[in-house]
Amino acid sequence: MKLLTNFLLIFVIYYLYNRFISSSNPTNMPNIEQKSVIVVGSGLAGLTAAVEAHNQGNTKIILIDKEKNIGGNSMKATSGINAIEPLNKDSREAFIQDTLKSGAGISREDLVTKLVDESRPALDWLIKESQVDGVPSLDLSVVSRCGGHSHGRTHRCPAQNGRPVPVGWKLIDTLKKRFTSFDDSEAQIITNSRVINLLTENNAVVGVEIVKKDPETEQELKETIKANAVILASGGFAGQTGKQLPDGQNTLLSEFAPQLVDTATTNGPWAAGEGVRLGLAVGAGMRDMDQVQVHPTGFVDLGNPTAPTKFLAPEALRAYGGVLLNGEGKRFTDELTLRDQVTAAIYRQSGTVHSRPNSLMSKKLPEKYASAYMVLTDEAVEGFGKSTLGFYASKGFFSQAEGLENLAKVLDVDTKQLEQEFKNYDAHVGQEKPDSTGKTFFPGPLSGPTTYWIGLITPVVHYTMGGLNMNLDASILAEDNTVIPGLYGAGEVTGGVHGHNRLAGNSLLECVVFGRTAGRNAALFARKN
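Residues numbered from 1 in each chain as written. Predicted model: local features only at pLDDT ≥ 70, side-chain atom pairs only at ≥ 80, totals over all residues. Heavy atoms only, no water.

**Quick look at the overall build of the protein chain**
Looking only at helices and strands, one finds 16 helices and 21 strands in the protein chain. A compact globule built from 529 residues would reach a C-alpha radius of gyration of about 24 Å, and the protein chain, at 26 Å, matches this within 12%. Long-range contacts, defined here as pairs at least 24 residues apart, represent 72% of the contacts in the protein chain between residues at least 6 apart. Only carbon and sulfur atoms are counted for the fraction: they give 51% of the accessible area of the protein chain, which is about 23,200 Å². Across the protein chain, the 52 positively charged side chains and the 57 negatively charged ones have centroids separated by 2 Å. (Helix = DSSP H or I, 4+ residues; strand = E, 2+ residues; numbered from the N terminus. Rg over C-alpha atoms; globule rule 2.2 N^0.38 Å. Contact = heavy atoms within 4.5 Å. Areas by Shrake-Rupley, 256 points an atom, 1.4 Å probe, with all protein chains shown as cover. Lys, Arg positive; Asp, Glu negative; His and termini not counted. Charge placed at Lys NZ, Arg CZ, Asp CG, Glu CD.)

**Describing empty space enclosed by the protein**
Counted under the stated rule, the structure contains one cavity of 30 Å³ or more. Estimated volume of the largest cavity: approximately 40 Å³. Taken together, S137, D139, C157, P158, Q160, V165 and K170 make up the full set of residues lining the largest cavity. (1 Å grid on protein atoms, 1.4 Å probe; cavity = no way out; pocket = protein on both sides within 12 Å on 5 of 7 lines; lining within 4 Å. Points joined across faces, edges and corners; volume = space filled by probe spheres on them.)

**Describing the layout of surface pockets**
The volume enclosed by the second largest pocket comes to roughly 710 Å³. In terms of lining residues, the second largest pocket is bounded by 25 residues, among which K66, E67, R194, E220 and E274 are the most central. Only β9 (193-201), β10 (204-213) and α8 (274-281) provide two or more residues apiece to the lining of the second largest pocket. Ranked by residues supplied to the lining of the second largest pocket, first place goes to β9 with four residues. Across the lining of the second largest pocket, the residue classes tally to ten nonpolar, four polar and eleven charged. (Nonpolar A, V, L, I, M, F, W, Y, C, P; charged D, E, K, R; others polar.)

**Regarding helix α5 (residues 119-129)**
Listed in full, the buried residues belonging to α5 are S119, A122, L123, W125, L126 and E129. The arc that holds every buried residue of α5, seen down its axis, measures 160 degrees, which confines them to one face. (Buried < 20%, exposed > 50% of the residue type's maximum accessible area, 1.4 Å probe, protein only. Arc of directions from axis to C-beta.)

**Observations regarding the sheet that holds β10**
Strand order in the open sheet formed by three strands is β9-β10-β11, with antiparallel pairing between adjacent strands. With partners counted over all chains shown, the strands left at the sheet margins are β9 and β11 (220-226), one partner each. Taken pair by pair, the neighbouring strands of this sheet meet at an average axis angle of 25 degrees, ignoring direction. (Pairing = 2+ DSSP bridges. Axes fitted to C-alpha atoms, helices over the stretch in contact; angles between N-to-C directions.)

**Focus: the nonpolar core**
In this structure, I38, I64 and V208 are the most contacted members of the largest nonpolar core, which totals 89 residues. It is helix α16 (residues 506-528) that contributes the most residues to this core, ten residues altogether. With 24 residues, the next largest nonpolar core counts L365, L411, F422 and L456 among its residues. (Core = buried A, V, L, I, M, F, W, Y, C linked by side-chain atoms within 4.5 Å.)

**Some remarks on α16**
A rise of 1.5 Å per residue sets the reference length of α16, with its 23 residues, at 33 Å; its end C-alpha atoms lie 32 Å apart and thus fit the reference within 8%. Of all 23 residues making up α16, 18 are buried, and the element is well covered by its neighbours. (Expected span 1.5 Å × (residues − 1).)

**Describing the pairing of strand β1 (residues 35-40)**
Across the six residues of β1, six count as buried, placing the element largely inside the fold. Every second residue of β1 is oriented toward a common face, with K35, V37 and V39 on one face and S36, I38 and V40 on the other, all of them buried. Relative to strand β2 (residues 59-64), β1 is paired through six bridges, and the arrangement is parallel. Bridging from a neighbouring strand, K35 pairs with T59 of β2. Taken together, β1, helix α2 (residues 44-55) and β2 constitute a β-α-β crossover, and its handedness is right-handed. (Right-handed = clockwise from strand over helix to strand, strands pointing away.)

**Here's the deal with the UniProt feature "domain: FAD-dependent oxidoreductase 2 FAD-binding" (unreviewed entry) in the protein chain**
Under the present numbering, the feature "domain: FAD-dependent oxidoreductase 2 FAD-binding" (unreviewed entry) in UniProt falls on residues 37-508. Taken end to end, residues 37-508 is 28% helix and 22% strand, and its two terminal C-alpha atoms sit 22 Å from one another. (UniProt positions renumbered as here; feature names shortened; annotations may be inferred.)

**Some details on the packing of aromatic side chains**
Tallying each qualifying case throughout the model produces ten aromatic pairs. Between F179 and F182 the ring centres are 5.9 Å apart and the planes differ by 80 degrees, which places this aromatic pair in the edge-to-face class. Accessibility assignment for this pair places F179 and F182 in one class, buried. Measuring from centroid to centroid gives 5.8 Å for F422 and Y452, while their planes differ by 45 degrees, and the two rings are tilted. Placement of F422 in helix α15 (residues 415-426) and of Y452 in strand β18 (residues 451-464) is noted, with a sequence separation of 30 residues between them. Each member of the pair, F422 as well as Y452, carries the same accessibility label: buried. Feature note: the residues F299, F311, F391, Y392, F397 and F398 constitute an aromatic cluster, connected by ring pairs. Taking the ring centre of Y463 as reference, the NZ or CZ of R502 above it sits at 4.2 Å. (Phe/Tyr/Trp six-rings, centres within 6.5 Å; stacked < 30°, edge-to-face > 60°. Lys NZ or Arg CZ within 6 Å of the ring centre and 35° of its normal.)

**Here's the deal with unusual backbone geometry**
Phi at K368 is positive, roughly 55 degrees, even though this residue is not glycine. Mapped onto the elements, K368 comes out in the loop between α11 (360-364) and β16 (372-376). Residue classification places K368 among the exposed positions, given a relative accessible area of 84%. Here the phi dihedral of A474 falls at roughly 65 degrees; this positive angle occurs in a residue that is not glycine. For A474, the location among the structural elements is in the loop between β19 (467-468) and β20 (475-477). Judged by its relative accessible area of 0%, A474 falls in the buried class.

In structure tokens, the structure reads:
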């Protein structure tokens, strides 16, 4: 009898337990412990990784940034994001070859192939993630052909209501809204917090140690955060171009590219290479650290021409017909060749900057200053976007001259000489035959009745091609090329994609392609461990 009573009691307990489980878990699936992934850095690579990791389900994503606002250098990107564009007779093979050619034999072909093959899906993913009530809020329909590209494939946003829509800002805004729409139990943002160490157990990365700063009191507190995987997406090291960091530590630029110390940069000071150092501290390998891109066209602020940080003059300005003239009013390069080649040509012309005593250059620039004029016609301005150019003009980066004669006065050159220079250029428009500089793509004529828009540009440190070594799964590799379990990377913190020289539009693309890969694989790793 006692045995029967015990059996009935066990049966009742089992029945009630199952009823409780069924009511609390409607799908009648066993409860699975929620895993967590930490993403270090909140630029496009970090936000992409965070959203994609969340999309895998049952994973909490913790996004950490040392700044008070998220966005990083991605917010400043203006040229666009690349994708194979069949409407311009583009092809997979052409895009791969353009990227490898720009990399000058240093790029890893497997990473480049992945970048290209996933370029169109990357754009489709961004547009899908921008949907609000099923309607996309992201428009990437403006396409231009930038330097080093054989076809037009660099996508930007059209102006809205007469106002420019910078592509980098729009992508960040889109994914920020998406990430912050997730439930608080699934997505967390921690700002004003600097990651100082990666936590490891049995050679695997299992979290981070941070220093969190109170924005009001400036008080700093250390904290450890455990996780099942960590993604480094903290950017490159082109924002600190001096010899030392504020804490006295040598900058990575001074260590790997000392010839560029004290060169002006387009980067914010936050791009100091902490992610690279974090990886190295746990045994990660690195590559191509000496490959630093000097962009040929940073705007010269006439009120402060030697300012250490400059606005980028986007490559799309030249894609729509902007030309470069030296201090004697002559073209000296193919404006749409590879960035490093345009930069080298500008440096070679620096001796002409003060050759005309009454020119804009001579009046505004110090001696031995590498610079060139950027000149656009009204037609080129309309193609690029008058509202966007108007923004640059409001910053004092452009002035205007009505007609060729007034342009010649600004340059302090002979009108007939300048007229002939433009006629030589115009003879190639529509022909796609190389001129004396080797240029084969001529967006539009320079001559004729028009308003000329004139700016001064100078080469600027822009991008670091080198970084932590990774594989096709976005796993960070140790010095012996084995995977460091639980550690992933995406964006400028990694190396291998761009080689010697990055093509315009490939940085934002890399952020999305490898950010998605890192987010997806980190979440899958977290669920298995």
